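Below are the chains, spelled out letter by letter.
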Amino acid sequence: MNALRKFAAGLEDKRTWRWILAGWLFANLASLFGRPLNHDVGYHIHAATRLVEGARLYVDLYEINPPNIFYLNKAPALFAQATGLSDILTFYTWVALLALASIALIAHLLAKLAELPILLRRILILALIYHFFLFEPQAFGQREYYFVIFFAPYLAAAFLTLKGIRLPLWACFAVAVPLAIATTQKPHFLLPFLLVELTLCLQHRSLYSLFRRENWIAGVTMLAAVLVTLQLHPEFLADMLPMVLGTYNAYDQGLIVLTYNGRFLRLVGALLAVALMLRYFLRDQRAKELALLWVIAALGMTGFYLLQAKGYTYHSLPAAVFMNLGLATLVAGYIAGRTGRSQNTMIEGVAADRVIRRGMGAAIGFALSVAFFGTTAAAYIYKPMQYGGLYSDWMRDYTQTLREHASDQPSFAFSSSIYIAYPPVPLAGSLWPYRYNHLWPMPNFYRSDDPHSGEAVYRAPGQQGDLERRFFETVVSDLLANPPHIVAVETQRYKQGFGYLGFDFIKYYSLDPRFADFWRDYVLLKSVGPIDLYLWKPAGSAPPLT
């Protein structure tokens, strides 16, 4: 108990807190650099660059997602183009600044409740920093990550509503606009918002809380986002949505499989454990109400994970983050209660030697983090689009091959998985002037969950339905218009989305005589991991077949 009191006293002391905060913040920021670049994020960066260069969304770039994620990412792409800096560096810096702004807004909102223990607020700030920068690092910059940092301030505002505190107008906008951006990324993202609002109505026993100023602003912004999409991007509804709806369920694991997925069971188990601790373990009503809102949001995003039905790790990120923040609030409330610091107190005048002693570890971490941050940032600046981790040896080999044979030249990948093309294509400085970023619609037309499935029976262009024919023609015409210098062909038996069905991309597209004639200009260069790499003969002297 004495150690716990010392820990609490250190966090409450203003000077010690500054050391701890600075060291923790910079250590987490430094972790951003040098980590592998996520495949989806690699594509989002590359797509934003293409949009800045004049490409049109849903016309020159066929995309399964609504447009707001691309508008968000255009800001760092514009800055990178204007300054000549790496677009990876500017993207990471942009997202980090948004995350820091979210943390600062949450801290400001929670400080409005004078009775909330300062110890609780500071532990929660440390937890926010960790979960925004270091927890699930592969998800940094994903849509789910954007959702977390944009939705979290709304939860702090909802807590103030529970306590009867009305936000000033500027704070309403600061909370509501990010909330609208977060929830319009996917329809499923509305679920935690609706659950939190239901909780507020039940607590107040009235629907009045629904009509808060921040909710009006958020509602108008959501409506505007939908209208802008309809007005600026009619192609999304006319051309993309039929393809999206057909494709969406093709990659599902299925509810039965997903229900027994280890990650889903862990989420549910953790939520039950935290809920029980809130009920029987924590007595501080303020901490309990704040933790409850985190848990309600986690419950909503667990429902999203189940409804999304794909089982990807990053889909569970918001549920895990909100559940952990609920746990952090619970622990902080317990420490505040056990150490007699359940009031908003701050220690002043601690002896200088004690401040230095307590802050020494943070100071060392601060210095090392600044040094690491500086060197890695310099690597990004001086090696644009080449610095960044890759997942495996074969991807590094693949990226190096692209850099040697297709730097500043087109390359293509026959795969239903985006990670075959991204991030290797942008990291190698290769080009992708094609409308589909990978062959994501294909499993909608060919899939079998029968474990005894053999090879697919391919439909020739004249036998294809309207959607398949449109997709087939787009891919072929794009390749004929811009022959890639390197083509990656996924050859592994079990391809994403196809279930147990064997599928040969080259056989499929060779049903078109134009493609068959086009493919004669390619020779096998090498095989790396699950892909074969083919070289375009007109690009240079062809290597012998291997």
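Above this note sits the structure.
Everything quoted here is computed from the prediction, not taken from an experiment.

## Focus: the overall build of the chain
- Helices and strands together make up the secondary structure of the chain, namely 22 helices and 4 strands.
- Out of the 546 residues in the chain, the part that is buried amounts to 54%.
- For the chain, restricting intrachain contacts to residue pairs at least 6 apart in sequence, the fraction spanning at least 24 positions comes to 78%.
- As displayed, the chain has an accessible area near 23,000 Å², and 63% of this comes from carbon and sulfur atoms.

## A short note on the side chain of His233
- Its location among the elements puts His233 in the loop between α10 (213-232) and α11 (234-248).
- In this structure His233 touches Leu57, Tyr58, Pro67, Tyr71 and Val228, once residues within four positions along its chain are discounted.

## Some points on the pattern of salt bridges
- One pass over the full model with this rule turns up 15 salt bridges.
- Here Glu455 makes a salt bridge to Lys507, at a shortest N to O gap of 3.4 Å. Taken together, the residues span a long stretch of sequence, with Glu455 in the loop between α19 (442-445) and α20 (466-481) and Lys507 in helix α21 (residues 505-509) at a distance of 52 residues.
- Relative accessible area serves as the criterion here: at 45%, Glu455 is assigned to the partly exposed category.
- Arg470 is the partner of Asp466 in a salt bridge, and the nearest nitrogen-oxygen pair spans 4.0 Å.

## As for the sheet that holds strand β4 (residues 531-536)
- If you trace the 4 strands from one edge of the open sheet to the other, you get β1-β2-β4-β3, paired in mixed fashion. Of all the strands in the sheet, just β1 (411-414) and β3 (522-528) have a single pairing partner and so form its edges. Pairwise comparison of adjacent strand axes, ignoring direction, gives a mean angle of 25° for this sheet.
- Pairing of β3 with β4, which is carried by 6 bridges, proceeds in the antiparallel orientation. Bridging from a neighbouring strand, Lys526 pairs with Leu533 of β4.
- Its contacts with the sheet place helix α17 (residues 393-406) against β1, β2 (486-490), β3 and β4, and it is angled at close to 150° to β3.

## A few points about the nonpolar core
- In this structure, Phe322, Phe414 and Tyr509 are the most contacted members of the largest nonpolar core, which totals 172 residues.
- The leading source of residues in this core is helix α7 (residues 143-162), at 16 residues.
- Every residue in contact with Phe414, bar those within four places of it in the chain, is listed here: Leu439, Leu479, Val487, Ala488, Val489, Glu490, Phe505, Ile506, Tyr509, Phe515 and Trp519.

## What about the packing of α7 against helix α14 (residues 285-308)?
- Packing of α7 against α14 brings their axes to within 10 Å, and their N-to-C directions diverge by 145°. Judged by the twist between their axes, the crossing of α7 over α14 is right-handed. Between α7, through Glu144, Phe147, Phe151, Ala152, Leu155, Ala158, Phe159 and Leu162, and α14, the contact on the second element is made entirely by Arg286, Glu289, Leu290, Leu293, Trp294, Ala297, Met301 and Phe304.
- Tallied by class, the residues present in the contact of α7 with α14 amount to 13 nonpolar, no polar and 3 charged.

## Description of unusual backbone geometry
- Geometrically, the link from Tyr422 to Pro423 is a cis peptide bond, its omega value of 10° lying close to zero.
- With respect to the helices and strands, the residue Pro423 is situated in the loop between β1 and α18 (424-427).
- In this structure, Tyr58 takes a positive phi of about 70° despite not being glycine.
- Looking at the secondary structure, you find Tyr58 in the loop between α3 (39-52) and α4 (68-83).
- A positive phi angle, close to 50°, is found at Glu136, a residue other than glycine.
- Counting through the fold element by element, Glu136 comes out in the loop between α6 (118-133) and α7.

## Quick look at the packing of α4 against helix α5 (residues 87-110)
- Two numbers describe how α4 lies on α5: the axes approach to 8 Å, and their chain directions differ by 135°. Comparing the axis directions of α4 and α5 gives the class oblique. Where α4 crosses over α5, the two elements pack in a sense that is right-handed. Residues Leu72, Asn73, Ala75, Pro76, Phe79 and Ala80 of α4 lie in contact with α5, whose contacting residues are Asp87, Thr90, Phe91 and Trp94.
- Here the residues of the contact of α4 with α5 are counted per class, giving 7 nonpolar, 2 polar and 1 charged.

## Quick look at the packing of aromatic side chains
- Tallied over the entire structure, the rule returns 53 aromatic pairs.
- Between Tyr58 and Phe236 the ring centres are 4.9 Å apart and the planes differ by 50°, which places this aromatic pair in the tilted class. Placement of the pair is Tyr58 in the loop between α3 and α4 and Phe236 in helix α11, with a sequence separation of 178 residues.
- Ring centres of Trp432 and Tyr434 lie 5.7 Å apart, and the angle between their planes is 85°; on these two criteria the pair is classed as edge-to-face.
- One residue, Arg459, lies across the ring of Tyr446, its end atom 4.4 Å from the ring centre.
- Lying across the ring of Tyr494, Arg493 places its NZ or CZ 5.3 Å from the centre.

## A few points about a nonpolar patch on the surface
- On the surface, a nonpolar cluster with roughly 440 Å² of combined accessible area is contributed by Leu223, Val226, Leu227, Leu230 and Leu237.
- With 4 residues, α10 is the single largest residue contributor to the nonpolar patch.
- Secondary-structure assignment places Leu230 in helix α10.
- For Leu230, a relative accessible area of 39% puts it in the partly exposed group.

## Looking at α20
- The end-to-end C-alpha distance of α20 is 22 Å, a good match for the 22 Å that 16 residues give at a rise of 1.5 Å each.
- When α20 is considered as a whole, its buried residues turn out to be Glu468, Phe471, Phe472, Thr474, Val475, Val476, Asp478 and Leu479.
- Of the surrounding secondary structure, the elements contacted by the buried residues of α20 are α11, β1, α19, α21 and α22 (513-519).

## Observations regarding the pairing of β4
- Of all 6 residues in β4, 6 are buried; the element is thus mostly enclosed.
- Burial along β4 is two-sided: the residues Ile531, Leu533 and Leu535 and Asp532, Tyr534 and Trp536 are all buried.
- The antiparallel hairpin formed by β3 and β4 contains 2 residues in its connecting segment, where Gly529 sits at a positive phi of about 55°.

Reading the values: rules and limits
Residues numbered from 1 in each chain as written. Predicted model: local features only at pLDDT ≥ 70, side-chain atom pairs only at ≥ 80, totals over all residues. Heavy atoms only, no water. Helix = DSSP H or I, 4+ residues; strand = E, 2+ residues; numbered from the N terminus. Buried < 20%, exposed > 50% of the residue type's maximum accessible area, 1.4 Å probe, protein only. Contact = heavy atoms within 4.5 Å. Areas by Shrake-Rupley, 256 points an atom, 1.4 Å probe, with all protein chains shown as cover. Salt bridge = Lys/Arg side-chain N within 4 Å of Asp/Glu carboxyl O. Pairing = 2+ DSSP bridges. Axes fitted to C-alpha atoms, helices over the stretch in contact; angles between N-to-C directions. Core = buried A, V, L, I, M, F, W, Y, C linked by side-chain atoms within 4.5 Å. Left-handed = near helix turned anticlockwise from the far one by under 90°. Nonpolar A, V, L, I, M, F, W, Y, C, P; charged D, E, K, R; others polar. Parallel < 35°, antiparallel > 145°, perpendicular 65-115°, else oblique. Phe/Tyr/Trp six-rings, centres within 6.5 Å; stacked < 30°, edge-to-face > 60°. Lys NZ or Arg CZ within 6 Å of the ring centre and 35° of its normal. Patch = residues over 30% accessible without salt bridge, like charges linked within 9 Å, V, L, I, M, F, W, Y side chains within 5 Å. Expected span 1.5 Å × (residues − 1).

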